[in-house]
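# Coordinates in review
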Amino acid sequence: MKELSSFLAQQRQDHLYRHRRVVDGPQSVEIKVDGKEYVSFCSNDYLGLASHPQLVKAMQQGAERYGVGSGASHLITGHSHAHHALEQELAEFTGRQRALLFSTGYMANLGTVAALLDRHDSVFEDKLNHASLIDAGRLSDARLLRYAHADIGSLSSQLDSSDASTKLIVTDGVFSMDGDLAPLPELVKVSQQHNAMLMVDDAHGLGVIGKHGGGSPEHFGLDSDQVPILVGTLGKAFGTFGAFVAGSDDLIETLIQKARSYIYTTALPPAVAEATRAALQLVKTESWRREHLTRLIERFRNGAAQQGLALMPSSTPIQPLVVGEAEQAMAVSNALLDKGFLITAIRPPTVPDGSARLRITLSAAHSEDHVDRLLEALAAVTRDVCTHEPLREFSQ
Ligand SMILES: *Cc1c(COP(=O)(O)O)cnc(C)c1O
C-alpha cells in the first residue's frame, strides 16, 4: 500500500486532497455541517425542493404503499406503478413521446451512449462536458472525439473528416462548472447538416430555465425533432434522486433492450419516484421559484460587478468565480467558511488546471438578504486573501 500513501501525500501537497463534510438535518440553504450552521451557496437544489414538505409527504406515502426497496431491476419485478406514472409525466413535461427512468444521471449517460453506438461509430463531445458524458464516450465501443468548448467550427471540421457510420454529438445543455449555455441552435444545424444525432444532457437546465422550466430546449425554442435525445437528472432542480432519458418511442425501446446500466441494476425506490412526481407538480405550477431565482441572479451579478469581481459570463444559477490555483481557491473557500458561508472550491481535474474556482450556486430558497451578505463576505475575503487580486484580474 506504499503507492497509495504516496499518492495521498502528493494530493495533499498539491492542495487537491478531497474530504467529505458531514451534513446534519435537511438539505437547505441554511445547513448544519460538522456541527456548525452555514449559509450554503453550493448545492444543486436550485428550486429549493429537496426538503419541501410535499415531497417528504409523497415519499412517506410512497413508502407506505410500496415499501422501501424496489426489489429488482425494471425488467424483473422492480418497475412499479410509481415509476411508470413518473415516466409518463416526464414525457409530457418534456414534450417527448416517452421517457425512461435511470437510477442516476451518470448511469443514464453511460447506458445511452453505449446502447446507441458500436465500434464503427463516433461520438463528438464538448471538451467541458460533464465527467459522466466523457466516461460514456470512453466506455462505449465508439471512437471519442472532443471539440473545443462551444466551438461549432471545431466540431464541424471533426464531422467533415469523419467516416463513422453513426455520428452522435453530445453536449451539456448548461455547463455544470461554468454555468454557460451550449449553443444549441447551431448544434442542431450542424447535426442536421452532417446527419448526426444530437444528445443534450440538461441536468442543470431542466426545471430551472425556460419559462415553464423546460430547460435549454425550451429556452431556445427547440422541439424533439431538433433535440431527439434529452437527458435530465432528478437530484438537482427536482430535489430528489435519479435521472431520465426522453425521446422517441424507438429510442426508449432501444434503451430498454440494450442499455446495460438500465438492465443490470436495481430500480430506484418507488417512494423516490412518488416524491419526484410531487416535485414535478411544483416545478410546473410554482413558476415564482424560477422568477425569484432570476432576480437573485441579477442581484448577485450586479453586486459582483460593482465590486469588480470577474464572474464568468453566465445567466444561470451557476455563477463561478475563478480564482486560479487550487491553493488559493481553498484559501478563499476557507475564509468564507469562517464567515459562515459554505462554498466548496472546485479544483482540477474537475476543472482545467489553473482555473480552480468557487462554484457559487443560487437557489430559489435564498433570500435577497442571503445574497447581499454573500456579496459583503466576498468583498472582505477577496480583499484579505487575495493580496494581488487575481480574482479581479481574471478574464475569460
Ligand atoms: C450531476 C450531473 C450528472 C450526474 O447525475 P447524477 O444523477 O448525479 O448521477 C450528469 N450530467 C450532468 C451534466 C450533471 O451535472
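Here the structure is shown first, and the text comes after it.
Below, the structure is looked at part by part. What you see is a predicted model, and the numbers here were worked out from it, not measured in a lab. The numbering scheme is per chain: residues are counted from 1 as the chain's sequence reads. Predicted model: local features are reported for residues with pLDDT of at least 70 only, side-chain atom pairs are reported and counted for 80 or more only, and whole-chain, interface and lining totals are derived from all residues. Neither water nor hydrogens contribute to the side-chain values; these are computed over all heavy atoms in the structure.

### Side note on the side chain of H74
For helices the rule is a DSSP run of H or I covering at least 4 residues; for strands it is a run of E covering at least 2, with both sets numbered from the N terminus onward. Its location among the elements puts H74 in helix α3 (residues 74-78). Relative accessible area serves as the criterion here: at 10%, H74 is assigned to the buried category. Of the polar contacts made by the side chain of H74, one reaches the side chain of H79; its length is 2.9 Å. Only heavy atoms matter for contacts: two residues are in contact if any of them lie within 4.5 Å across the pair. Sequence-distant contacts of H74, that is, excluding residues within four places in its chain, are made with H79, H83, L101, Y262, T265 and A267. Buried means the residue's accessible area, taken with a 1.4 Å probe over protein chains only, is under 20% of the maximum for its type, while exposed means over 50%, and partly exposed covers the values in between. Each polar contact in these results corresponds to two N or O atoms within 3.5 Å; when the atoms are within protein, one needs to be able to donate a hydrogen and the other to accept it, and residues that are neighboring in sequence are counted only if both atoms are side-chain atoms.

### Concerning helix α7 (residues 152-160)
Of the residues making up α7, those classed as buried are S154, L155, S156, Q158 and L159. Buried residues along α7 sit against β5 (122-126), β6 (143-147), β7 (167-172) and α8 (184-193). Here α7 starts with a cap whose side-chain oxygen sits 3.0 Å from the backbone nitrogen of G153, and that cap is D151.

### Focus: helix α5 (residues 105-116)
What a helix should span is 1.5 Å times the count of its residues minus one. If you check α5, its first and last C-alpha atoms are 17 Å apart, about what 12 residues at 1.5 Å a residue would give, namely 16 Å. In terms of burial, α5 is a largely internal element, nine of the 12 residues being buried. Every buried residue belonging to α5 is among G105, M107, A108, N109, G111, T112, V113, A115 and L116, and all of these are buried. For α5, the side-chain oxygen to backbone nitrogen distance between the N-cap and Y106 is 3.4 Å, and the N-cap itself is T104.

### Here's the deal with the site of the ligand
Taken together, 14 residues lie near the ligand, and G105, Y106, D201, H204 and K236 sit nearest. One of the backbone nitrogen or oxygen atoms of G105 is found 2.7 Å away from an oxygen atom of the ligand. Here an oxygen atom of the ligand and a side-chain polar atom of H204 are 2.5 Å apart. Protein contacts shield 82% of the accessible area of the ligand, which totals 380 Å² for the unbound molecule. By convention in these notes, a residue is near a molecule or strand provided one of its non-hydrogen atoms lies within 4 Å of it. Values of accessible area rely on a 1.4 Å probe in the Shrake-Rupley scheme; residue burial ignores everything except the protein chains shown.

### Examining the pattern of salt bridges
Counted as salt bridges are all cases of a side-chain nitrogen of Lys or Arg within 4 Å of a carboxyl oxygen of Asp or Glu. Inspection of the entire model under this criterion finds 10 salt bridges. For R98, the salt bridge goes to E253, with nearest N and O atoms at 3.1 Å. Residue R98 is found in strand β4 (residues 98-102), and its partner E253 is found in helix α10 (residues 249-258); the two are separated by 155 residues along the sequence. According to the relative accessible area criterion, R98 is partly exposed, its value standing at 24%. With relative accessibility at 32%, the residue E253 sits in the partly exposed group. Between D372 and R299 there is a salt bridge, with the nearest N and O atoms lying 2.9 Å from each other.

### A closer look at the nonpolar core
One broad trend across soluble globular proteins is that nonpolar side chains are buried collectively. Counting residues in hydrophobic clusters, the biggest one holds 58 residues, and the most contacted among them are F41, F300, L336, L358, I360 and L378. Summarising the domain contributions, this core has at least three residues from each of domain 1 (16-45 + 287-384) and domain 2 (53-285). Setting aside its immediate chain neighbours within four residues, L336 contacts F341, I343, L358, A377, L378 and V381. In this structure, V170, I229, V245 and L255 belong to the second largest nonpolar core, which totals 25 residues. Each nonpolar core is a collection of buried residues, namely Ala, Val, Leu, Ile, Met, Phe, Trp, Tyr and Cys, held together in the definition by side-chain atoms within 4.5 Å. Residue ranges assigned to the domains are those given by an automatic or database domain assignment.

### Notes on the packing of helix α14 (residues 326-338) against helix α15 (residues 368-385)
Across the interface, α14 lies against α15 with an axial gap of 10 Å and an inter-helix angle of 135°. Between α14 and α15, the interaxial angle falls into the category oblique. α15 is crossed by α14, and the crossing has right-handed handedness. Note on element contacts: α15 touches α14 through A377, L378, V381 and V385, opposite Q328, A331, V332, A335 and L336. Residue polarity is assigned by list, with Asp, Glu, Lys and Arg as charged and Ala, Val, Leu, Ile, Met, Phe, Trp, Tyr, Cys and Pro as nonpolar; anything else, Gly included, falls into the polar class. Class assignment of the residues belonging to the contact of α14 with α15 gives a composition of eight nonpolar, one polar and no charged. Every axis in this analysis is a line fitted to C-alpha atoms, fitted for helices over the stretch in contact. Angles between the N-to-C directions lie between 0 and 180 degrees. Angle categories: roughly parallel below 35 degrees, roughly antiparallel above 145, roughly perpendicular from 65 to 115, and oblique for all the rest. Two helices that cross are described as forming a left-handed crossing if the nearer one is turned anticlockwise from the farther one by less than a right angle, and a right-handed crossing if clockwise.

### Describing the side chain of S191
By the element assignment, S191 lies in helix α8. With a relative accessible area of 4%, S191 lands in the buried category. If we ignore the near neighbours within four places in the chain, the residues touching S191 are I169, A196 and L198.

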